[in-house]
Every structure is written in structure tokens, then in C-alpha cells.
Amino acid sequence: MTNNEIRSFRIEIPQADLNDLRDRLARTRWIDDLPGAGWERGVPTAYLKELAGYWAEKFDWRAVEAELNKYPQFTTTIDGHNMHFLHIRSAEADATPLLLLHGWPSSVVDFLDVIGPLTDPKAHGAADAPAFHLVIPSLPGHGFAGPVTETGWHDGRVAAALAELMARLDYDRYGVHGGDHGAFIAPQLGRVDTDHVLGVHVNALVTFPTGDPADMAALTDAEKQRLGRMKQFQDDGSAYMKLKGSRPNTLAQLVADSPAGQLGWIVEKYKEWVDQAHELPEQAIDKDRMLANVSVYWFTDTARSVANYYYERFHDATMFAPAPKGAVPTGVAVFKDGDYAIRRFAEKAHNITHWSEFYSGGHFPALEVPGLLVADVREFFRTLI
């Protein structure tokens, strides 16, 4: 018999774990920087050491914990794995269920600043905007979902589990938004649960050239620049992904044992993927929000599962196999830095009905430019409800 029980959940990290984190940070063996070296070689030691000191002495995990615990949280077991999620219902009777999917190095923390505007638009100066019931899960193997305990948790399996979660919550028709991992999973969800998915909205959608010379000749200057940034990422910024996708356990052991290592591993991505108008990542994203996400991964000991997720994707034979074009209406938001999507390529695989391009923001819009993301989500789903 399948256990469909949905259990209440609160985040309560033991004080001993906080003490252990501070002790480990205090005992970090720091490397020396080469003279004149900057971010091009990875996170500078001086920067990382200062940020680690802030994490140990000034960052308030209990404040983060209290902010998350303001919202109803639950767990349930699906396909043998613990699923953790926030479930915030709007007071509006006609609100639309909406699933919000994070990626890495993100977590449910990313969406804290969009909960109010999406569930209660009237209280946030948008009386005519649609309201949403929000379901915000921790992806399997990420954060408060805890480590996965078996292989095979690829995007398709995650999508099927999320479809079951929405069914278990009695949501017959719902929308999905996702970024990073979520931009892979959301379209998959539209394919595996077509009869129930109202529409899919994504940022950080990955698109590849079609090979059609006519498509390449028709690229705009902005699209050529985007394609160039994607090539630069593949050539000079994707080592983390290749390591996770090929030797996840080796990498995971390093960051699971060293909070300074975990911090450097994640903050490098914030630096490289936020709006590049900012010199430092905390100029684009609040420092405490960044450290909240780092803390989530540290306290939940999910480094191995997170790394393994890339391995599963890279070794999933169906991942990049030819597939029918998605039928579910799809909206795409392209932010200035960290997004490489090109519409003519996206239309080969998705039913694109909405496309927005923004000249600010990066890979983490819910943290960097939440107002722009909220407005685009509203605009897209307004046409479907």
C-alpha cells in the first residue's frame, strides 16, 4: 500500500550543527593567492576569507529559519523519496495553483521575496493581477528534501514525482515556473502531465543551434552575443558541471567536509551568473540570502545528492534524444546575464506563446530582480486563466 500521508514540517537545525559550522570555519586552512590573481582563477582567498568570517560571526541562521517557518511546510513520500515543500494558499478564491522550481545553487530560499506578491497581489499594489496558490518544493536530493538514497533520479523521474505531488494536493490544473534545473524539469512536467499543466514559464532555458543555416543567418546582433556568451560558458565556465556529471562523489566529499569549500564552490557561481554590471555578487543579491542558500546545503548534507543530479542528467539516454515538440503553452523570460535562450531555437522544442527579454538581472531573477520576474509570471499566466 502506498503511503500518501502529508506531514507538517518545521526547520529546526540543532544548535550543535551551528556550533560545528563555526568551529570548522575557524579551523580552515586557507590557501595563498598568487600575486595579481583575480576572479579569473576562481574565488580570491581574501574575499572568501572575509565572507567566511561574516558567515561564522554575523550571519543569523535563526532569522532565516524563522522566515521560512512563517510559511506552511510539509513532507510526503513519493517514489520512495522524501519530498519537502512550502504550500502557501492565496486568500483569493479564484487563485491559480503554481509550482515554483529552483535549481542549483538555489533552494526554496530563492522564492521568499515573490511569495507575497504572487499570493496576495492586492496587498502589493497590483489589485488587478492574478493570484496564485504556491507550491515550492525542494528538489529531490536538494536542501530539506534530504539526500536521495538510490540512483536514477533524473529530470524525468523528478517531473513524475512533482506531478504526483500536485495530484496529491488535489490540484487538477496548475502552472509551473522554473529556472536552472527547473528550466529542464518544468517543460518535462508539461510533457508527462499535459492534461493538468496549464502552462510552463521558465528563465535560464537552454537552447542549442538547430544546424539550419537559415536560422543562423537570421540571428539578431543580441542573439549572436547571447550565443557567444553560451560558447564562452561552455569553454571556460562549465568545468563544475563536467566534474559533477562525471565524478560526483569525488567533488562531493570535498565540499561536504569543508564549509569554506562549500562556500567557495557556490559563491563562485553567484559571481559569474548574476548581472555582470555588479563587481561583486552581494551587490546583486543580498549577502544574507546567498549565505542562507549555502547554509541550507551545508546543514542538510546534500552535497553528494546535488552533484549526483548532474551525473544522472548526463547519463540519462533520453535527455537529449529527439522528442515531440511540447504542446503546453510556454513562456520564456530572458535576463541580461546568465541566460542564453534564443527564440527561433526554442520554438523547435516548445510551444512558445510568450517571450520577454530584460536588460537587467542574471541567472537568479527571484533574488536579483523579483519584481521583474513576478510581473512576467503574471503576464504569461493571465492569458491562460
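Residues numbered from 1 in each chain as written. Predicted model: local features only at pLDDT ≥ 70, side-chain atom pairs only at ≥ 80, totals over all residues. Heavy atoms only, no water.

The chain carries the name Epoxide hydrolase in an unreviewed UniProt entry, which gives Nocardia iowensis as its organism.

Participant: How do you make sense of the overall build of the chain when you look at a structure like this?
Facilitator: Assigned secondary structure in the chain consists of 16 helices and nine strands. Seen through its C-alpha atoms, the chain measures out along the principal axes to roughly 55 × 55 × 45 Å. Across the chain, every contact between residues at least 6 apart in sequence was considered, and the portion connecting residues at least 24 apart equals 77%. Surface summary for the chain: the accessible area is close to 16,800 Å², and the carbon and sulfur share equals 51%. (Helix = DSSP H or I, 4+ residues; strand = E, 2+ residues; numbered from the N terminus. Contact = heavy atoms within 4.5 Å. Areas by Shrake-Rupley, 256 points an atom, 1.4 Å probe, with all protein chains shown as cover.)

Participant: In this structure, what is going on with the environment of D275? I would like to understand it.
Facilitator: With respect to the helices and strands, the residue D275 is situated in the loop between α11 (259-273) and α12 (287-300). Judged by relative accessible area, D275 falls into the buried class, the value being 6%. Spatially, the C-alpha atom of D275 lies 4.4 Å from that of G362, the residues being 87 residues apart in sequence. Apart from residues lying up to four places away in sequence, D275 is in contact with K336, D337, S360, G361, G362 and E368. At 2.9 Å, the side chain of D275 forms a polar contact with the backbone nitrogen of A277. (Buried < 20%, exposed > 50% of the residue type's maximum accessible area, 1.4 Å probe, protein only. Polar contact = N/O pair within 3.5 Å; in protein donor to acceptor, adjacent residues only side chain to side chain.)

Participant: Any chance you could explain the UniProt feature "domain: Epoxide hydrolase N-terminal" (unreviewed entry) in the chain here in plain terms?
Facilitator: The positions that UniProt labels "domain: Epoxide hydrolase N-terminal" (unreviewed entry) are, in the present scheme, residues 6-111. As annotated, residues 6-111 has a helix share of 32% and a strand share of 22%, and its two end C-alpha atoms lie 22 Å apart. (UniProt positions renumbered as here; feature names shortened; annotations may be inferred.)

Participant: Teacher, can you tell me more about the pairing of strand β4 (residues 96-101) here?
Facilitator: Remember that side chains alternate between the two faces of the sheet whenever the strand is regular. In terms of burial, β4 is a largely internal element, six of the six residues being buried. By the alternation rule, side chains of β4 split into T96, L98 and L100 and P97, L99 and L101, which are all buried. Judged from the four bridges that link them, β4 and strand β5 (residues 132-138) form a sheet pairing that is parallel. Along β5, the bridge assignment pairs T96 with F132. A crossover links β4 with its parallel partner β5, the connecting element being helix α4 (residues 112-119), and its sense is right-handed. For β4 and strand β6 (residues 174-179), the ladder comprises four bridges, and the chain directions are parallel. Bridge assignment links L99 to a residue of β6, and that residue is V176. (Pairing = 2+ DSSP bridges. Right-handed = clockwise from strand over helix to strand, strands pointing away.)

Participant: Mind showing me how you'd approach the nonpolar core here?
Facilitator: As a rule of thumb, soluble globular proteins bury nonpolar side chains together. If you look at the biggest cluster of nonpolar residues, it comprises 75 residues, and the most contacted ones within it are W61, W104, L118, L134 and I136. The element best represented in this core is α12, accounting for eight residues. Dropping the residues within four chain positions of it, I136 is found in contact with H84, F85, L86, I88, L100, V108, F111 and I115. Among the nonpolar cores identified, the runner-up in size contains 36 residues, and L162, Y171, V200 and A346 belong to it. (Core = buried A, V, L, I, M, F, W, Y, C linked by side-chain atoms within 4.5 Å.)

Participant: Sorry if this is basic, but what is going on with the packing of aromatic side chains here?
Facilitator: Both the distance between ring centres and the angle between the ring planes are used here to describe each pair of aromatic rings. With the rule as written, the count across this model stands at 15 aromatic pairs. On the basis of an interplanar angle of 20° and a centroid distance of 6.0 Å, the ring pair of W104 and Y240 is categorised as stacked. One end of the pair, W104, is in the loop between β4 and α4; the other, Y240, is in helix α9 (residues 239-246), with 136 residues separating them in the sequence. For the pair W104 and Y240, one class covers both residues: buried. Taking NZ or CZ as reference, R157 lies 4.1 Å from the ring centre of W153, over its face. One residue, R313, lies across the ring of F184, its end atom 4.1 Å from the ring centre. (Phe/Tyr/Trp six-rings, centres within 6.5 Å; stacked < 30°, edge-to-face > 60°. Lys NZ or Arg CZ within 6 Å of the ring centre and 35° of its normal.)

Participant: Which parts of the structure should I look at to understand the packing of helix α6 (residues 181-192) against helix α13 (residues 303-314)?
Facilitator: Each pair of packed helices can be described by the angle between their axes along with the distance between the axes. It is at 13 Å that the axes of α6 and α13 come closest, and there the two elements cross at 50°. Here α13 runs oblique to α6, going by the angle between their axes. For the element pair α6 and α13, the recorded crossing hand is left-handed. Contacts from H181, F184 and I185 in α6 reach Y309, Y310 and R313 in α13. (Axes fitted to C-alpha atoms, helices over the stretch in contact; angles between N-to-C directions. Parallel < 35°, antiparallel > 145°, perpendicular 65-115°, else oblique. Left-handed = near helix turned anticlockwise from the far one by under 90°.)

Participant: Any chance you could explain the sheet that holds β5 here in plain terms?
Facilitator: The strands making up a sheet associate through backbone hydrogen bonding, with each pair oriented either parallel or antiparallel. Read across the sheet, nine strands follow the order β1-β2-β3-β5-β4-β6-β7-β8-β9 without closing on themselves; strand pairing throughout is mixed. Looking at the sheet topology across the chains shown, the edges are occupied by β1 (6-8) and β9 (351-357). Taken over all neighbouring pairs, the strand axes of this sheet differ in orientation by 25° on average, direction set aside. Along the sheet face, helix α16 (residues 370-382) touches β4, β5, β6, β7 (197-203), β8 (329-334) and β9 and points at about 150° away from the line of β7.

Participant: Help me understand the side chain of D180, please; the structure alone is not making it clear to me.
Facilitator: The residue D180 is located in the loop between β6 and α6 in this model. Buried within the structure, D180 lacks any salt-bridge partner; its nearest side chain of opposite charge belongs to R313, at an N-O separation of 6.0 Å. Beyond its immediate chain neighbours, meaning those up to four positions away, D180 contacts G103, W104, N203, A204, W273, Y310 and H363. (Lys, Arg positive; Asp, Glu negative; His and termini not counted. Salt bridge = Lys/Arg side-chain N within 4 Å of Asp/Glu carboxyl O.)

Participant: Whenever I open this one, unusual backbone geometry confuses me. Can you help?
Facilitator: In most cases, non-glycine residues show a negative phi, while peptide bonds are predominantly trans. Cis geometry is found at the peptide bond from W104 to P105, where omega equals 5°. With respect to the helices and strands, the residue P105 is situated in the loop between β4 and α4. Backbone geometry places D170, a non-glycine residue, at a positive phi of 65°. Structurally, D170 is set in the loop between α5 (155-168) and β6.

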